[in-house]
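Residues per chain, in single letters:
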Amino acid sequence: MSGKPKLYYFNGRGRMESVRWLLAAAGVEFEEEFLETREQYKKLLQDGSLMFQQVPMVEIDGMRMVQTRAILSYIAAKYNLYGKDLKERALIDMYVGGTDDLMVFIMIFPFLSAEDKEKQRAFIIQKATSRYFPAYEKVLKDHGKDFLVGNNFSWADVHLLEAILMVEEKKSDVLSGFPQLQAFKARMSNIPTIKKFLEPGSQRKPVPDDKYVETVRRVLHMYYDLKAN
Amino acid sequence: LQFEESFVEKKDDLTKLQKDGSLLFQQLPMVEIDGMKMVQTRAIANYIATKYNLYGKDLKERALIDMYVEGLFDLNELLMPYDYKPADQKEQHFATMMDKAANRYFPAFEKVLKDHGQDFLVGNQLSRADVQLLEVILMAEEFQPDILAKFPLLQRFKARISNIPTIKKFLQPGSQRKPRIREEDVPKVIKIFY
C-alpha cells in the first residue's frame, strides 16, 4: 500500500479522465490499474469493490469510491480546490455541472457509427459555442479575474480547461470569438502542475480510438448501440 | 423550509427566462436562493444540503453521501423519462429501469443498512441521502408497487423516514409535492422544451 490514490478504469479517457486531471492539477501522484479483460471486471464485482457494479472506482484514504462526481468532490475538497465558503462552492458546482454536461456529449463520440459521429461533432460544436462557452466567457468578462471563482484556482478552472481542449480536438479554432477563454486557456496551461500534465509521458490519456472502444465493449458487454444526441 | 414556485406553462415562459439572463446554461431547474440564481440540480441540492446540515459532519461522510446520492440520481434518470417515451419504447424501458432498481440500486442500499444496522444511511443521522433514497423508492413503487418485496431493511427504512414530521407533512395531500405527469400533459411539456 503506497498511500497514493489508485484508479481502476480502462486505459483511456472516459469518465476517469476528469479525475486524472484534478489529481494532476492538485499535484497528487496516483497509480492506475487498467481493465483489459472481462475477468478483471468480474473479480472487482465479486470482491464487492464496485458499489453500483460500475467503474470508475478509486481507492483513496481507505475508501473504494465510485461515482465520478463523488470522487471529484472529495478530491477537490481535500486539496482546497473547492472554494473558501458555501457560496463559492455553489458557483463551482454550477460551473462544473455545465462542463460535465458538455464533456458527456464528447464521451460517447468514439462509440458512434461514422454517420452519427458527424452529427455528434456538429452537435458538440453547436452546444459549446452557443451555450457553454458564452456562459464562461461572460463569467470571466464580468469579474475580470484570472480564475472562474473567488480569484483562486479551483476545480472549476481545471474542468473548464479540460473541456476546452476536448472541444478543440473536434474543431481546432472553436475558441475564436472567445477572447477571454483564449487567455484563460493560456494561463491555466502554464500552471506548473497542469503544464506537466500536458507534456508527453504524463498520465493524461490520448483521444479514444477503436481499440479503446473494443476494450470497453469487451470488458463491460455494453455500449454496442449508442446513438447521437 | 418554505419555498415558492413559479411554473413554466408555455414556451414563452421559458424563453423569457433565457432572454433575461436568469439561466446560466439556458436550462431549468433554476432556484432563486440567497441572492443567487442557481442552476444545475446537483449544485442546488449541494447548497441546500450543506446550508441545512444534511450533508454529513465531515469530508468522509460527505464522500459516502455523494456516492449514494449519485447512484440515486442515476436511478432517477432511468425512472424520470419513462412517461415521455414514445409508446413503442415504453415496454423495453420499463424492463430496463425495473431491472436496475431491483438488481443494482436497491440491493446496494439494502446492504449499506444491513452492514451498519443503523437507522440512517450515513453517520447515524438524517442526511440528503436518506431523503433522496425515500424519494426514489416511492417513485419506483409507483411503477411497481411490490418492488421492495425482497428488501426488508428498505421497507423499514421507508416507514421510518416517512414518519419524520417534515417528510410526513410533505407526503400529505396539499403539499408542494408533485404527482407523476399525466399522459395527456406530456405533449405540452415536450413542446415547451423541444
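Sequence positions are assigned chain by chain, starting from 1 and proceeding in written order. All chains are assigned letters beginning at A, and all ligands numbers beginning at 1, according to the order in which they are written. Owing to the predicted nature of the model, reporting of local features is limited to residues with pLDDT of at least 70; listing and counting of side-chain atom pairs is limited to 80 or more, with chain, interface and lining totals taken over all residues. Hydrogens and water molecules were not included; the side-chain quantities draw on all heavy atoms of the structure.

Asker: What should I look at first to understand the pairing of strand S2 (residues 36-39) of chain B in this one?
Answerer: The side chains of a regular strand alternate, residue by residue, between the two faces of the sheet. All names here are of chain B. Following DSSP output, two strands are said to pair if at least two bridges run between them. Going along the chain from the N terminus, every DSSP run of H or I of four or more residues is numbered as a helix, and every run of E of two or more is numbered as a strand. Bridge count for strand S1 (residues 30-33) against S2 is four bridges, and the pairing is antiparallel. Paired with Glu 32 across the bridge in S2 is Lys 37. Where S1 folds back onto S2 in an antiparallel hairpin, the turn is made up of two residues, including Asp 34, whose phi is positive at roughly 50°.

Asker: I'm lost on the domain arrangement of chain A in this one. Help?
Answerer: In many reports, interface size means the accessible area that the parts give up when they come together. All names here are of chain A. Throughout the structure description, domain borders are defined by an automatic or database domain assignment. Parsing chain A into structural domains produces domain 1 (6-79 + 199-220) and domain 2 (86-190). Between two residues, a contact is recorded if the distance between any of their heavy atoms is within 4.5 Å. Each side of the interface is counted separately: domain 1 has 19 residues, and domain 2 has 15 residues. The buried area of a pairing is the accessible area, by a 1.4 Å probe, that goes missing from both parts when the two are put together, added over both. When domain 1 packs against domain 2, close to 1500 Å² is buried across both sides, 64% of that on carbon and sulfur atoms. Considering only the side of domain 1, the residues that lose the most area to domain 2 are Arg 15, Ser 18 and Trp 21, jointly responsible for 29% of the buried surface there. Salt bridges are defined as contacts in which a side-chain nitrogen from Lys or Arg sits within 4 Å of a carboxyl oxygen from Asp or Glu. Scanning the region where domain 1 abuts domain 2 turns up four salt bridges. Where Asp 100 meets Arg 15, a salt bridge forms, and the shortest distance between an N and an O atom there is 3.3 Å. Two N or O atoms count as a polar contact when they lie within 3.5 Å, although within protein this holds only if one can serve as hydrogen donor and the other as acceptor, and sequence-adjacent residues are included solely when both atoms are side-chain atoms. Linking domain 1 with domain 2 are six residue pairs in polar contact (both at pLDDT 80 or more). Residue assignment for the side of domain 1 that touches domain 2 shows that the elements contributing at least two residues are helix H1 (17-25), helix H3 (68-78) and helix H9 (210-220). For this classification, the nonpolar set comprises Ala, Val, Leu, Ile, Met, Phe, Trp, Tyr, Cys and Pro, the charged set comprises Asp, Glu, Lys and Arg, and every other residue, Gly included, is treated as polar. When grouped by side-chain class, the residues that make up the side of domain 1 that touches domain 2 number ten nonpolar, three polar and six charged.

Asker: How should I be thinking about the nonpolar core in this particular structure?
Answerer: Formed by 136 residues in total, the largest nonpolar core has its most connected members in Phe133(A), Leu148(A), Phe106(B) and Leu121(B). For Phe133(A), the contacting residues outside a window of four places in its chain are Leu102(A), Ala128(A), Ile164(A), Val167(A), Val174(A), Leu175(A), Phe178(A) and Leu181(A). By nonpolar core we mean a set of buried residues, namely Ala, Val, Leu, Ile, Met, Phe, Trp, Tyr and Cys, connected to one another through side-chain atoms within 4.5 Å. Only protein chains enter the accessibility calculation, which uses a 1.4 Å probe. A residue is then buried if its area is under 20% of the maximum for its type, exposed if over 50%, and partly exposed in between.

Asker: Help me out: how do you make sense of the UniProt feature "domain: GST N-terminal" (unreviewed entry) in chain B in this one?
Answerer: UniProt positions are given in the numbering used here, feature names are shortened, and annotations may be inferred rather than shown by experiment. UniProt tags residues 1-56 of chain B as "domain: GST N-terminal" (unreviewed entry). As annotated, residues 1-56 of chain B comprises 36% helix and 14% strand, and the C-alpha atoms at either end are separated by 19 Å.

Asker: In this structure, what is going on with the side chain of Lys90(B)? I would like to understand it.
Answerer: Residue and element names in this part refer to chain B. Tracing the backbone through its elements, the reader meets Lys 90 in helix H4 (residues 87-116). As a buried residue without a salt bridge, Lys 90 has its nearest oppositely charged side chain in Asp 83, at a separation of 5.4 Å. Contact partners of Lys 90, with chain neighbours within four places excluded, come to Tyr 82, Asp 83 and Lys 85. Charge assignment in this entry is limited to Lys and Arg as positive and Asp and Glu as negative, and neither His nor the chain termini are counted.

Asker: Is there a simple way to think about the interface of chain A and chain B in this case?
Answerer: Listed by partner, the interface residues are 32 residues for chain A and 33 residues for chain B. Regarding the contact of chain A and chain B, the summed buried area is about 2900 Å², with carbon and sulfur atoms giving 63% of it. Counting every contact that joins chain A to chain B gives one salt bridge. With its nearest N and O atoms 3.4 Å apart, the salt bridge here joins Glu70(B) to Arg69(A).

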